[in-house]
Structure formats: C-alpha cells, structure tokens
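So you can see what is in the structure, the chains are spelled out below.
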Amino acid sequence: MKHSIKTVAGIISCCALWGCSNTPVVDKITLPQDVLASCTVTPATFNSWFASGKAEPNGLVLPANSVAFQHQNNCEFYQWSENMFLWLTSPNAKQYGSENTVFESPLFYDVLPADSTGKRKLQPHAANTPLRMASHVTKNGPNRLPVIIDTKGRMLEVETAESAPKTKALVKSGAGTTVEVDHVSLDNKGAFVFMDKAGKVIQHPQAIIRHKINPKNIVEKFTVGDRSVFLDAAGNQVQTEAGQATGDVLMAQNGSLVYYLTMVNDVYAWFVTGAINGKLTANEFPTTQGALDSIITYAKANNVTLPDSNALAMELKTSWVEASTLPNPGDYVTVTAIIPTYNTSNPKQWIPNGEKTVKMALVGMHIVGSVAGHPEMVWSTFEHQSNTPNAEYRYLDSNKKVKTVPQDTGTGWLFSKDASDKSFNVSHMTNVDKQFNSTDTITADSGFTITPSNTLTVMPWGSAKDSVTNQEDKSSAASNSEIISINNTIRKLLGDKDVRSNYLLIGSTWTSGGAAPTGGVYGVDGTAPGVSIGTSVLANSTMETYFQQPKFSCFTCHSSSVPALNPDSISHIYGKILPLITLHDELEKKKKGK
C-alpha cells in the first residue's frame, strides 16, 4: 500500500506552457481510508465547535469545555485534543484582541528563557508584537537535569560532577572513602582514569549522586579534551549513543533551523501567580468548577477577566521553521516572530550575531491541558503532514482485519532527505557545552558539521508495533486506528481549503482515572494506575526527535520518584515562573484603592 503522496508546490499556468525545472517535490502522509471508524466526530458536534455554529474554512473555533469534560473512552480525549488545536490555530481571532490566531492573542503568554537565577517571566501577548523564539529545546528529566540516552537505550539524567563552582568533584573509592578528583586522564588503551590530588589513581571510583529522584538513573559527567565519561553510583562508566544528548538542535532539509516557543494561557498564568502569592491552593492543576472560580475571582481582584476560562490551565510548546524556506508556505499556519541569527562561516560552530523579524511556519505543537478528573493533564501533539516519513505500522480496516502500512518512501520530506536512508534520528549538533550548560551557540557533534539530519517517526500514532498501548485497545493496530479515524473525520469535515487540515493529531496520553504519573508506560511497566495510557509512547518528531523509544512517554520526564500530582512534579516550567504581579504589588494597589 502506498503511504505517501507527492505534490508539486508552486505550480502555475506557465509550467503547462513552457515546462518547469527544479520544482520542489513535497511528500505528505497519506492516511488509510479503509480504516475502522473507531473514533469519529458527528457533523452536528463538529459544527458546535465553531463560533458561528457552522463549520467554515478557517473559521473561528471555540475551546473545548475542560470543566465539563467527559472521559469514558479514549476517543473523548482525542476529540478534546482536536477541538483545542482548531481553537488555538483559529485565524482572525478579533474577539480575543488578535488579528491573527488565538494563541497570538492576549489569552496567552510567552514563557521567556530562564534568567541568571533560573526564573522565567511571562510575556503577555500584545497586538502587532512579534513572538520571540529560540533555536533549541532542552530535554530534562524528573530532577530537571539534562538527559542522555546510553547504548542500552536507557534515559539517564546528568548531574554536574562539581557540587559548586570552583570546587573539585568528589567520588567514592572502592574502599568506601570520599576522595577529591584532581583530574581525569586517559591511559594508553584510551580508558578513563580518575586521579586524586596526590597524583594517584583512584581505584574503582563511584559517583556520589546528590539528587534524590531515581538516583539509579543519574550519572555524573567528566571530560578529557573532546571525550567525556559518565559515571554512575555503582562505578560503571556509562557509554552513550553519538549525539543522544539534551539540547539537540534540529535543522530542516531546506536549511532552516527549527525554532521553539513555550506558552501558557491566562488561567495557568493567574493560577501560578495566585499560588506564589499564597492566595490560591495549588496542590494540583485546576480541574473543577470550584477551583476555576477561585482563579477567576483572584484575577478579577486584579482587574483581569478570563474570557475562555473553561479551557482550564494550558501549556503549549510549538516548533517552527522560516516560512520563506518552504516551497508551499500557504499550507502552514504562520506567525511573525523574532528569531536569533548566526555567524555561519564556521561549519562546526555557529555563534549568534543578532536577531531578525520574519514569518515563521508551524511544524509541531504540544497541547497540554488540565481537564475534569485529570490533574496530571492531557498531553497531545500535532505535526504538519509533510514533516517526516513514518516507519511501518499496522491498523484495523473496516472489517477489523489487520493491515500493514510499509515505511514511507520519498525525498520530499521537510526533515528527511531520503526516506530509504537507514541512518535516521542521529543528531548533528547541539547547544550544550562540555559542562552540560545550555548556550546560544550551536556546535556540531563529533563527526558532523552543522547540517540537517534524517528524521523518521519511529512509532507513528504513539504506539509501539506489536504492543498493547492502553487498557481499551487490545493491539497497536487498534490504537492506531482510533487516531487515523479521527484524523480522517476532521479532515473531511474541515475541507481542504482550511489550512488546519494540513496538520495531524499524532496522539494523546494521560493516566487512568487521573492517577499521579509513575513515569511508566502501559504494558512495558505494568498496567496499574499511573502508567501512561492512550497513545502511551507519544513523541513529536520536531521536539523529541532523538528520544523516540518504546519505553518512553511524556510522563517519563514529567513525574517524580514518589508519584505526585502537585504542579511542580508535572510541569517543568511551573516552579520557575515568576508571578504576573507580586504580593507587594497587590498590597500597594489596595492601599491606593485601585
């Protein structure tokens, strides 16, 4: 079965008369049309999503009511996800104070990069003001530490060997004593040797892990020249796959870097502000009308109205490329943004040298939101149909017969030069320095220059082949069918004149009954409440490009060693955000009678 189709972008009438040369070929994901209709949306329900009460191309969609969310089966989570994506990307959102999309309106705030203290400000959206994007996305684990993938496929967090600046690292020797590491060298066989300040070899050194969450999955990094070693608490020198480190930088085949932007909505912003100021209870993200009413009241006391508060608390992470580099920019949701520019004269290292304001095209979006009964939040992701080829997967046809879709082919994918190339998902560059600090400089990984890599979606639709993905679907094929089915339905109801029809729901994940996430994956780590369900091994090829593993889920990182639902355990940004208004400012306002 042919799984991808090719279209020629930018064809105009002169091509028919005189012919065209070097016209870019654009590959697209083709969805099986004989799939079992196991997750659909009725036309009446779909019409009710639109502000006008009737579906129309590029029409304004209303948000899903997360307070009244029903969660009796998987499909309702997928319907919620589709509704939210269409709302967020609705154009001409004038009722929200935006001439463009809803997520560009004052309902949303950019989460700015961390300052020198690690704190992050919320930047309110304003009319005719470009968004500000960064060229890298950092993957952190449960301890909020950078992560690597070792040669065994394990995801490990990396702790700095030195406990404080200008101090020496400490290790435990084979004798059980604590020893200061003066330096690390290589012996004549190329093995790492740890030396103490007297110049003696430290026998059987073991890392002294300082962080407490899952310490067995934490390593310390030591560097000699261009080589690094990761040491765990048992004294094992952990080997890593080339390029499999946090801070990877992604580049499209057209030469555009991928840029990223994190946002939260107004409910989230005022929830975290009220919690910091001691005005709101923040044991978990809001999921009830009572919790929402408290946030609304608090915002109103600060002269702020929350117009679509039933959306509850939302986090967005988005990925973008420069629209000017695309042969078909009209097929993308676009925004105006400020992005960093680089001195590109050195193919091994690009150094930032300024900024520019350009039109950017959306290639990926994570939508994370709290809903009734699910304070762990629903984690959904969308991608443009031309991003990457899919690996082989299975689905159920209308007769419930299992069918296999072979791996995609083609050379017209945005993030893959040749879908038949077997060297997929190997990072070429990073923004992380030798001390594992995130920087604005882009450095090529060993053996590479700053160039595009070939990307493959390893587990299309968030399900590992031949696995049971959740408690409702008895096979990967059944799980895939639900996602394919709702994508087919939404596309049919939207019509091909709506730019949003070019985006696909890859999947959504949550926990059974809203249980505190354990970090485990359904089936792989048992079936008890707390493991990820839905499309339980979900990944976005533009944001988890090099972290696609059948044992990783969103909750692998967004959880704690003792399962908990407090927002700081679930969200990596919650505990770093500065309040919109301080308690001091509130008191001053009251004194002045404002």
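Before any of the text, the structure's been laid out above.
Residues numbered from 1 in each chain as written. Predicted model: local features only at pLDDT ≥ 70, side-chain atom pairs only at ≥ 80, totals over all residues. Heavy atoms only, no water.

A. Inspection of the packing of aromatic side chains at higher detail. Following the criterion strictly, the structure yields 19 aromatic pairs and no others. Ring centres of F46 and F50 lie 5.3 Å apart, and the angle between their planes is 70°; on these two criteria the pair is classed as edge-to-face. Considered together, F46 and F50 belong to a single accessibility category, that of buried residues. Judged by centre distance (5.9 Å) and plane angle (65°), the rings of Y78 and W510 are edge-to-face. In this pair, Y78 sits in helix α3 (residues 74-88) while W510 sits in strand β26 (residues 503-511), placing the two residues 432 residues apart along the sequence. For Y78, a relative accessible area of 0% puts it in the buried group. (Phe/Tyr/Trp six-rings, centres within 6.5 Å; stacked < 30°, edge-to-face > 60°. Buried < 20%, exposed > 50% of the residue type's maximum accessible area, 1.4 Å probe, protein only. Helix = DSSP H or I, 4+ residues; strand = E, 2+ residues; numbered from the N terminus.)

B. Spatial organisation of the state of the cysteines. Per the counting criterion, the structure on display carries one disulfide. Across a sulfur-sulfur distance of 2.1 Å, C39 and C75 are joined as a disulfide pair. With the S-S bond torsion at 85°, the cross-link from C39 to C75 turns out right-handed. Taken together, the residues span a long stretch of sequence, with C39 in the loop between β2 (25-29) and α2 (43-49) and C75 in helix α3 at a distance of 36 residues. Judged on exposure class, the residue C39 and its partner C75 are both buried. Note on C554: no disulfide assigned, nearest cysteine sulfur contributed by C557 at a separation of 9.1 Å. According to the relative accessible area criterion, C554 is buried, its value standing at 16%. C557 sits in the buried class, given a relative accessible area of 7%. (Disulfide = S-S within 2.5 Å.)

C. How the structure looks around the pairing of strand β3 (residues 108-111). The side-chain alternation of β3 yields two buried faces, one formed by F108 and D110 and the other by Y109 and V111. Relative to strand β17 (residues 259-265), β3 is paired through three bridges, and the arrangement is antiparallel. Across the sheet, the residue bridging to D110 is M263, located in β17. One ladder, built from three bridges, connects β3 with strand β4 (residues 122-124); its direction is antiparallel. Residue pairing for β4: V111 is matched across the bridge by L122. (Pairing = 2+ DSSP bridges.)

D. Structural context of the packing of α3 against helix α6 (residues 476-494). Remark: α3 packs on α6, axes separated minimally by 11 Å, with the N-to-C direction vectors making an angle of 40°. It follows that α3 is oblique to α6 by the angle criterion. The two elements α3 and α6 meet at a crossing, and its hand is right-handed. Residue-level inspection shows N74, C75, Y78, Q79, E82 and L86 of α3 in contact with α6, the latter providing E482, I483, I486, N487, I490 and L494. (Axes fitted to C-alpha atoms, helices over the stretch in contact; angles between N-to-C directions. Parallel < 35°, antiparallel > 145°, perpendicular 65-115°, else oblique. Left-handed = near helix turned anticlockwise from the far one by under 90°. Contact = heavy atoms within 4.5 Å.)

E. Spatial organisation of α3. The end-to-end C-alpha separation of α3 is 22 Å, in line with the 21 Å expected for 15 residues at 1.5 Å each. Taking burial as the measure, the 15 residues of α3 include 14 buried ones, the bulk of the element. Sitting at the head of α3, N73 places a side-chain oxygen 3.1 Å from the backbone nitrogen of C75. (Expected span 1.5 Å × (residues − 1). Polar contact = N/O pair within 3.5 Å; in protein donor to acceptor, adjacent residues only side chain to side chain.)

F. Summary view of the environment of G369. With respect to the helices and strands, G369 occurs in strand β20 (residues 349-371). Residue classification places G369 among the buried residues on the basis of a relative accessible area of 0%. Linking G369 and L312, residues 57 residues apart in sequence, is a C-alpha distance of 7.0 Å. Beyond its immediate chain neighbours, meaning those up to four positions away, G369 contacts W80, A313, M314, M377 and V378.

G. Looking closely at the sheet that holds strand β12 (residues 206-207). Strand order across the open sheet formed by three strands is β9-β8-β12, with antiparallel pairing between neighbours. At either margin of the open sheet sits one strand with a lone partner, and together these are β9 (178-181) and β12. Bridge count between strand β8 (residues 169-172) and β9: four bridges; the pairing is antiparallel. The partner of K172 across the bridge, within β9, is T178.

H. A look at the pairing of strand β23 (residues 402-405). By the bridge criterion, four bridges tie strand β22 (residues 393-396) to β23 in an arrangement that is antiparallel. Considered in β23, the bridge of L396 is made with V402. In textbook terms, the turn of a hairpin is the stretch between consecutive antiparallel strands, and for β22 and β23 this stretch comprises five residues, one of which, K400, has a positive phi near 65°.

I. Region of the structure containing the nonpolar core. By size, the foremost hydrophobic cluster in this structure holds 125 residues, and its most contacted members are W87, F103 and I367. In terms of residues, this core owes the most to one element, β20, which gives 10 residues. (Core = buried A, V, L, I, M, F, W, Y, C linked by side-chain atoms within 4.5 Å.)

J. Just unusual backbone geometry, in detail. Even without a glycine there, the phi angle at N58 is positive, about 60°. In this fold, N58 is placed in the loop between α2 and α3. Overall, the relative accessible area of 27% leaves N58 in the partly exposed class.

K. Spatial organisation of the packing of helix α4 (residues 266-276) against helix α5 (residues 289-301). Running from amino to carboxyl end, α4 crosses α5 at an angle of 80°, the nearest separation of the two axes being 9 Å. The orientation of α4 relative to α5 falls into the category roughly perpendicular. Touching V267, W270, F271, T273 and G274 of α4 are L292, I295, Y298 and A299, all from α5. Considering only residue class, the contact of α4 with α5 consists of seven nonpolar, two polar and no charged. (Nonpolar A, V, L, I, M, F, W, Y, C, P; charged D, E, K, R; others polar.)

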